[in-house]
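Observations on the model geometry
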Amino acid sequence: MKAFTKYLTFNVPERMDFVNITRDVEDAVRSSGVQHGLCLVNAMHITASVFINDNESGLHQDYERWLEQLAPHEPVSQYLHNRTGEDNGDAHLKRQIMGREVTVAITEGKLDLGPWEAIFYGEFDGRRRKRVLIKIIGE
Amino acid sequence: MKAFTKYLTFNVPERMDFVNITRDVEDAVRSSGVQHGLCLVNAMHITASVFINDNESGLHQDYERWLEQLAPHEPVSQYLHNRTGEDNGDAHLKRQIMGREVTVAITEGKLDLGPWEAIFYGEFDGRRRKRVLIKIIGE
Amino acid sequence: MKAFTKYLTFNVPERMDFVNITRDVEDAVRSSGVQHGLCLVNAMHITASVFINDNESGLHQDYERWLEQLAPHEPVSQYLHNRTGEDNGDAHLKRQIMGREVTVAITEGKLDLGPWEAIFYGEFDGRRRKRVLIKIIGE
């Protein structure tokens, strides 16, 4: 069994944004030498997501508007979590909708993605340094 | 380490519906010969889900109604994504609530599911051919 | 390849509550002897979740209030599922928001968690015995 570990670092200038990381994950799969296995990609921070969906800017704006409706940033006083001095209570909720992680199959040395699947880093409390973990196991 | 890959194909006649695929996944586990390992089951399309919940038709109607409240199909003009000519903006949102994938443990050659756990394909933009991936690794 | 399986049992006295299980999962990783691999942790019941977020009581109260807004327990008659004699229709919806499972990387014999990541059992229909599965594979 082979195992491969890689960390990606982000510093997203907006509070909320989505970054296509498909190429980074493909690079990691190539580096791992794994032909058949599983590739876990997860946010290491709890106000961020890794998810798979469409690489289409209109949809990303739809996601931002929808998440803002479901868990509004303002007023920050509505979240008990913000009594700790944080203002990111909403980001912890948004991240649960979009998820922490994806697990992707590796088949014949490549990510076994459907035709429109792209892997995104989802940031909900940006303007600071955060990491994503890629862990690959297989043979 | 063993690895096993299988693709399921669906063409759901409704826009939104849920299909019990537990038997298909059990068949794949048997075919794999894996005694202890992990079984990933994921939608390969970004307007569909694979999730685990109850095989109870009332609950499935509750899910449909609830998802329609959280991300209504109509009016289709409310989603920027639909400016691409699609009318499935809502389906991309619904799928994030229900999730893309499940990972299930394999123990002593069988899916290690709880008493009421059943695996479902969730379709949110049906009436066309879509695929699900089953990837099993273990020994 | 090594494989390790462990079941945790809970009997949460409240209908809805969150239990920090990070230590239990760390113990399982140590027992497994796996240095590099994947650790799946999932609820075995369909009205419960395993998720990763902050170990902060204000946030947990925010989650409870938010989930109650998105899928209210009362009136129980609003859910077709409750016609089966259950009163937990809402719990099946809440669990989809928070998710069934997490997969965590194991690196150099330890859970490869970010600085604030903690693993929680999320109960949405408590006051009875339920189980969580930990499955570890790797080398």
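One structure accompanies this document, and this report is about it. Note that the coordinates shown come from a computational prediction; the quantities given were computed from them, not determined experimentally. (Residues numbered from 1 in each chain as written. Chains lettered and ligands numbered in written order. Predicted model: local features only at pLDDT ≥ 70, side-chain atom pairs only at ≥ 80, totals over all residues. Heavy atoms only, no water.)

1. Quick word on the relation of the copies chain C and chain A
Relative to chain A, chain C is turned by 120 degrees and slid 0.0 Å along the rotation axis, the superposed coordinates differing by an RMSD of 0.0 Å. The superposition operator between the copies reduces to a three-fold rotation axis. In terms of proximity to the rotation axis, the leading residue of chain C is Ile97(C), whose C-alpha is 3.4 Å off the axis. The fraction of interface residues of chain C whose copies in chain A are also interface residues is only 20%, indicating that the copies meet through different surfaces. (Least-squares fit on C-alpha atoms with pLDDT ≥ 70 in both. Contact = heavy atoms within 4.5 Å.)

2. Brief notes about the sheet that holds strand 5 (residues 101-107) of chain C
Residues and elements named next belong to chain C. The antiparallel open sheet is built from five strands, whose spatial order is 1-8-3-5-6. Edge positions in the sheet fall to strand 1 (2-10) and strand 6 (110-111), since each has one partner strand and no second. By the bridge criterion, nine bridges tie strand 1 to strand 8 (residues 130-138) in an arrangement that is antiparallel. Counted as the bridge partner of Phe-10 is Lys-130 from strand 8. (Pairing = 2+ DSSP bridges. Helix = DSSP H or I, 4+ residues; strand = E, 2+ residues; numbered from the N terminus.)

3. A look at the sheet that holds strand 2 (residues 17-20) of chain A
Residues and elements named next belong to chain A. Spatially, 2-7-4 is the arrangement adopted by the three strands of the open sheet, whose pairing is antiparallel. With one partner strand each, in any of the chains shown, strand 2 and strand 4 (48-53) form the two edges of the open sheet. Going from strand to strand, the sheet's axes swing by 30 degrees on average, the running direction of each strand aside. Two elements, strand 2 and strand 7 (residues 118-123), share four bridges in a ladder whose sense is antiparallel. Pairing of Val-19 across the sheet is with Tyr-121, part of strand 7. (Axes fitted to C-alpha atoms, helices over the stretch in contact; angles between N-to-C directions.)

4. As for helix 3 (residues 89-98) of chain A
All names here are of chain A. In terms of burial, helix 3 is a largely internal element, ten of the ten residues being buried. Listed as buried for helix 3 are Gly-89, Asp-90, Ala-91, His-92, Leu-93, Lys-94, Arg-95, Gln-96, Ile-97 and Met-98. Of the residues trailing helix 3, Gly-99 is marked for its positive phi of about 95 degrees. (Buried < 20%, exposed > 50% of the residue type's maximum accessible area, 1.4 Å probe, protein only.)

5. Considering unusual backbone geometry
Cis geometry is found at the peptide bond from Glu74(B) to Pro75(B), where omega equals -10 degrees. Structurally, the position occupied by Pro75(B) is in the loop between helix 2 (57-70) and helix 3 (89-98). A positive phi angle, near 70 degrees, is found at Arg127(C), a position not held by glycine. Relative to the assigned elements, Arg127(C) resides in the loop between strand 7 (118-123) and strand 8.

6. Remarks on the interface of chain C and chain A
Each partner contributes to the interface: chain C provides 35 residues, whereas chain A provides 30 residues. Carbon and sulfur atoms supply 60% of the area that chain C and chain A bury against each other, a total of about 2600 Å² over both sides. Where chain C touches chain A, the interface holds one salt bridge. Linking Arg100(A) and Glu117(C) is a salt bridge whose minimum nitrogen-to-oxygen distance equals 2.8 Å. Among the elements that make up the side of chain C that touches chain A, the one with the highest residue count is helix 2 (residues 57-70) of chain C (eight residues). Taken together, the residues of the side of chain C that touches chain A break down into 18 nonpolar, nine polar and eight charged. (Buried area = accessible area lost by both parts, 1.4 Å probe. Salt bridge = Lys/Arg side-chain N within 4 Å of Asp/Glu carboxyl O. Nonpolar A, V, L, I, M, F, W, Y, C, P; charged D, E, K, R; others polar.)

7. Let's talk about the interface of chain B and chain A
In many reports, interface size means the accessible area that the parts give up when they come together. Counting from both sides, the interface comprises 30 residues of chain B and, opposite them, 35 residues of chain A. Carbon and sulfur atoms supply 60% of the area buried between chain B and chain A, which totals about 2600 Å² over both sides. Among the residues chain B hides against chain A, the three largest losses belong to Met1(B), Ile46(B) and Gln96(B). Together they make up 23% of the total. Across the contact surface, chain B and chain A share one salt bridge. For the pair chain B and chain A, the interface holds 17 residue pairs in polar contact (both at pLDDT 80 or more). Elements with a contribution of two residues or more to the side of chain B that touches chain A: strand 1 (2-10), strand 3 (37-43), helix 3, strand 5 (101-107) and strand 8 (130-138) of chain B. The element that contributes the greatest number of residues to the side of chain B that touches chain A is helix 3 of chain B, accounting for six residues. The class makeup of the residues in the side of chain B that touches chain A is 16 nonpolar, ten polar and four charged. (Polar contact = N/O pair within 3.5 Å; in protein donor to acceptor, adjacent residues only side chain to side chain.)

As far as function goes, none of this settles anything; it's purely spatial.
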